[in-house]
Amino acid sequence: MEIELKYRIPTPEVADDIWNDKLFFSYEEDGSREELCFMAKYFDTSDCDLAKHSIAYRVRKEGCRWVAALKWSGQSDGALHTREEINVPVQDDRPDPSVFRESEMGAVLEEIIGDKALIGLLETRFMRRRFRIDTGKGIFELSIDQGKIVTPYGDEPISEVEIELFSGESEELECLGRKLCGKYHLEKESRSKYSRGIRIIKDNR
């Protein structure tokens, strides 16, 4: 399960301030800090059968590698996002539902799609700056994303910070979120990048 906090960043200057904030230096894992270019494509049938079942199918290039992801049962409560997730390394950006076949959700995916073709609905293109945090009570990853959501009906900017729980308790995650949000007066982001893109499409169809 993926558990993370998500906040909107108001300006590029605030993004840089968070990246350089000494608040996290004492917790930061040595050698974990990196910057990567992410390019993701989200797929569905022409009838949006996956979206109707609240399933997101993504293939993303993370630096030099491709990763296919299946996400479902997503919930958000303010900044807190939880959802089930499967990630599988793949060779390129072509959709291939069979890569999830060994999981129960993979069988559900193939049943929903049937013999329909998968098409690209939208894309996200952003630079991610990230590092890991070990507080002694949990391990987390802090990511700063800046870029855009791209749809056939228009684009929308991405400027957000995420703190993802890798291990430990969600209470510690929320404690980190309060410190970050309080210092920079950030707004909670209740929408995923995918749901924002789907909203653009729905509003223009």
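Computed from a predicted structure; not experimentally measured.

**A word on a negative patch on the surface**
A surface patch of like charges, here negative, comprises Asp 77, Glu 169, Glu 171 and Glu 174. Its place among the elements puts Glu 171 in helix H4 (residues 170-184). Owing to a relative accessible area of 52%, Glu 171 belongs among the exposed residues under this scheme.

**Quick word on the packing of aromatic side chains**
In the structure shown here, the tally under the stated rule is six aromatic pairs. Residues Phe 38 and Phe 126 carry aromatic rings whose centres are separated by 5.4 Å and whose planes lie at 50° to one another, so their mutual orientation is tilted. Of this pair, Phe 38 sits in strand E2 (residues 34-44) while Phe 126 sits in strand E6 (residues 119-134), placing them 88 residues apart in sequence. A relative accessible area of 0% places Phe 38 in the buried class. Classification of Phe 126 as buried rests on a relative accessible area of 4%. Ring centres 5.1 Å apart and planes at 25° place the aromatic pair Tyr 42 and Tyr 194 in the stacked group.

**Looking at the pairing of strand E8 (residues 154-168)**
Looking at chain direction, strand E1 (residues 2-8) and E8 are connected through five bridges and run antiparallel. Following the sheet pairing, Lys 6 is matched in E8 by Glu 162. Two strands pair when backbone bridges link them, and strand E7 (residues 138-151) and E8 are joined in this way by 14 bridges, in the antiparallel orientation. Opposite Glu 141, over in E8, you have Glu 164 as the bridge partner. Between E7 and the antiparallel strand that follows it, E8, lie two residues.

**A few points about the confidence of the model for the chain**
Residue-level pLDDT values for the chain average 94, and 100% of them are 70 or greater. Averaged pLDDT values for the elements of the chain fall to 91 in helix H5 (residues 193-204) and rise to 97 in E7.

So, how was this worked out
- Residues numbered from 1 in each chain as written.
- Predicted model: local features only at pLDDT ≥ 70, side-chain atom pairs only at ≥ 80, totals over all residues.
- Heavy atoms only, no water.
- Patch = residues over 30% accessible without salt bridge, like charges linked within 9 Å, V, L, I, M, F, W, Y side chains within 5 Å.
- Areas by Shrake-Rupley, 256 points an atom, 1.4 Å probe, with all protein chains shown as cover.
- Salt bridge = Lys/Arg side-chain N within 4 Å of Asp/Glu carboxyl O.
- Lys, Arg positive; Asp, Glu negative; His and termini not counted.
- Charge placed at Lys NZ, Arg CZ, Asp CG, Glu CD.
- Helix = DSSP H or I, 4+ residues; strand = E, 2+ residues; numbered from the N terminus.
- Buried < 20%, exposed > 50% of the residue type's maximum accessible area, 1.4 Å probe, protein only.
- Phe/Tyr/Trp six-rings, centres within 6.5 Å; stacked < 30°, edge-to-face > 60°.
- Pairing = 2+ DSSP bridges.
- pLDDT = per-residue confidence, 0-100.

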